[in-house]
Amino acid sequence: MRLYLASTSPARRALLAQSGIEPVLVSPGVDEDAAASAAATALGRDLTGPELVSLLAVAKASAVADADVAGSPVDGFVFGGDSAFEVDGRLYGKPHDPSVARERWRQMLAAGGGTLWSGHCVIDRRRDLDPATGRTGGPDAARPVPPVRSLVTSHAGVPELGDVAPGGSALAAGGDRVVAVDSAVLTFADDLSAEEIDAYVATGEPLEVAGAFTIDGRAAAYISRIDGAPSAVVGLSLPVLRSMLLRGFGVPWHEFWSL
């Protein structure tokens, strides 16, 4: 079974590879800021963490699902993901600039920690007919098994997953896709110095990652506690992805292993 990763993130690819899955990497080419801004304007308010990451996860997966990859249509499942870090009600994406990264670290340390929101979307684009189920990729391919929530999308294009508390998760299925949000609550070391922050920012590692830190890199030593799936902090909750594939499409995890 083929899994397309609508991302060029080395961290997400490494997570899947460590789990025995070799995905096909495809850059989705989504303007994340524009998509988030348009949805917020349509709603007349700022997006919540779960709304933001699920919106962008769907946008990325959708961009790849109907594209040609290496000259051929997609044939398999497409995964799109997005992450944002929330501190005291404020969402942080990628800082890009060193001065912004330093300031975010100071704010995050002042709060002591925050919530990492991880959005997931899987779209079924299998092109073969399953004789047992009559299922093909495309509209109405997903077969959610109760108690999976039915997927509803707002007029702004935002998946409605209900209230998701920090450290919690939610999943909904409908048509050819399953959308989910997972989260993890992080606590930072309480003795981290300004010198350590400056040294970390100088590596460049935090500039292009949500929240300005990576748990699978140099910042691992600065995080003293994680309540939730560690893989969600990296950018892809493996337990949630497994559940999405099984509960939404009836496909077990091991069918994606590269044997």
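Residues numbered from 1 in each chain as written. Predicted model: local features only at pLDDT ≥ 70, side-chain atom pairs only at ≥ 80, totals over all residues. Heavy atoms only, no water.

Colleague: Quick question: what am I supposed to make of helix 5 (residues 194–202) here?
Modeller: Helical periodicity: at 3.6 residues per turn, an α-helix aligns residues three or four positions apart in one direction. Of all the positions in helix 5, only Ile197, Tyr200 and Val201 are classed as buried. Seen along its axis, helix 5 keeps its buried residues to an arc of 95 degrees; they face one direction. Pointing more than 90 degrees away from the buried face of helix 5 are the exposed residues Glu195 and Ala202. As for helix 5, its buried residues are in contact with helix 4 (98–111). (Buried < 20%, exposed > 50% of the residue type's maximum accessible area, 1.4 Å probe, protein only. Helix = DSSP H or I, 4+ residues; strand = E, 2+ residues; numbered from the N terminus. Arc of directions from axis to C-beta. Contact = heavy atoms within 4.5 Å.)

Colleague: Explanation requested: the confidence of the model for the chain in the structure shown.
Modeller: Interpretation of the predicted coordinates at a detailed level should be avoided for regions scoring low in pLDDT. Taken over all residues, the pLDDT of the chain has a mean of 91, while the share at 70 or more is 92%. Across residues 134–140 the pLDDT falls below 50, and counting only partners more than four positions away or on other chains, this stretch makes 23 contacts in the model. (pLDDT = per-residue confidence, 0-100.)

Colleague: Help me understand the pairing of strand 10 (residues 177–188), please; the structure alone is not making it clear to me.
Modeller: Each regular strand shows side chains that alternate between the opposite faces of the sheet. Counting buried residues in strand 10 gives 10 out of 12 residues, a clear majority hidden from the surface. Note that strand 7 (residues 113–125) and strand 10 share 11 bridges and pair antiparallel. Bridge assignment links Gly114 to a residue of strand 10, and that residue is Leu186. Looking at chain direction, strand 9 (residues 169–174) and strand 10 are connected through six bridges and run antiparallel. Residue Ala172 lies in a different strand from strand 10, and its bridge partner there is Val179. Remark: two residues form the turn of the hairpin made by strand 9 and strand 10, two consecutive strands paired antiparallel; Gly175 in that turn has positive phi of roughly 60 degrees. (Pairing = 2+ DSSP bridges.)

Colleague: It is not clear to me how the packing of aromatic side chains should be interpreted in this structure. Could you clarify?
Modeller: Aromatic rings considered in pairs are described by the distance between their centres and by the relative angle of their planes. One pass over the full model with this rule turns up 10 aromatic pairs. Relative to Tyr200, the ring of Trp105 lies with its centre 5.9 Å away and its plane at 90 degrees, an arrangement referred to as edge-to-face. Here Trp105 is found in helix 4, whereas its partner Tyr200 is found in helix 5, with 95 residues between them in sequence. By the ring-pair criterion, three or more aromatic residues cluster together here, those being Phe85, Trp105, Phe188, Tyr200, Phe213 and Tyr222. (Phe/Tyr/Trp six-rings, centres within 6.5 Å; stacked < 30°, edge-to-face > 60°.)

Colleague: Got a minute to help me understand the side chain of Ser237 in this structure?
Modeller: Relative to the assigned elements, Ser237 resides in the loop between helix 6 (230–234) and helix 7 (238–249). Exposure remark for Ser237: the relative accessible area of 0% places this residue in the buried category. Residues contacting Ser237, with those up to four places away along its chain left out, are Ser118, His120, Asp182, Ala229, Ser231 and Ala232.

Colleague: Is there a simple way to explain unusual backbone geometry in this structure?
Modeller: Both trends apply: most residues other than glycine have a negative phi, and most peptide bonds are in trans. Positive phi, normally seen in glycine, also occurs at Ala70, with a value near 55 degrees. Along the chain, Ala70 falls in the loop between strand 3 (68–69) and strand 4 (72–73). Residue classification places Ala70 among the exposed positions, given a relative accessible area of 84%. If you check the backbone angles, His96 has positive phi at about 65 degrees while not being a glycine.

Colleague: So what exactly am I meant to see when it comes to the pattern of salt bridges here?
Modeller: Side-chain pairing between opposite charges can occur once the charged atoms of the two side chains come close. Using the criterion set out here, one finds 11 salt bridges in the structure. Between Asp124 and Arg126 there is a salt bridge; the shortest N-O distance is 2.7 Å. Just as Asp124 is buried, Arg126 falls in that class too. With a shortest N-O distance of 3.0 Å, Arg225 and Asp227 are connected by a salt bridge. Connected through salt bridges with shared partners, the residues Asp66, Arg125, Asp176 and Arg177 form a single ionic network. (Salt bridge = Lys/Arg side-chain N within 4 Å of Asp/Glu carboxyl O.)

Colleague: I'm lost on a negative patch on the surface in this one. Help?
Modeller: A contiguous patch of negative charge, built from Asp190, Asp191, Glu195 and Glu196, is present on the exposed surface. Take Asp191: it is sitting in the loop between strand 10 and helix 5. (Patch = residues over 30% accessible without salt bridge, like charges linked within 9 Å, V, L, I, M, F, W, Y side chains within 5 Å. Areas by Shrake-Rupley, 256 points an atom, 1.4 Å probe, with all protein chains shown as cover. Lys, Arg positive; Asp, Glu negative; His and termini not counted. Charge placed at Lys NZ, Arg CZ, Asp CG, Glu CD.)

Colleague: I keep staring at the environment of Gly89 and nothing clicks. Help me out?
Modeller: Along the chain, Gly89 turns up in the loop between strand 5 (76–87) and strand 6 (90–92). Counting along the chain gives 41 residues from Gly89 to Thr48, while the straight-line C-alpha distance between them is 8.7 Å.

Colleague: What should I look at first to understand helix 4 in this one?
Modeller: The end-to-end C-alpha distance of helix 4 is 20 Å, a good match for the 20 Å that 14 residues give at a rise of 1.5 Å each. Of the residues making up helix 4, those classed as buried are Ala101, Arg104, Trp105 and Met108. Projected onto a plane normal to the axis of helix 4, the buried residues spread over an arc of 105 degrees and lie on a single side. Considering only its buried residues, helix 4 is in contact with strand 5, strand 6, strand 7, strand 10 and helix 5. One or two residues past the end of helix 4 sits Gly112, with phi positive at roughly 90 degrees. (Expected span 1.5 Å × (residues − 1).)

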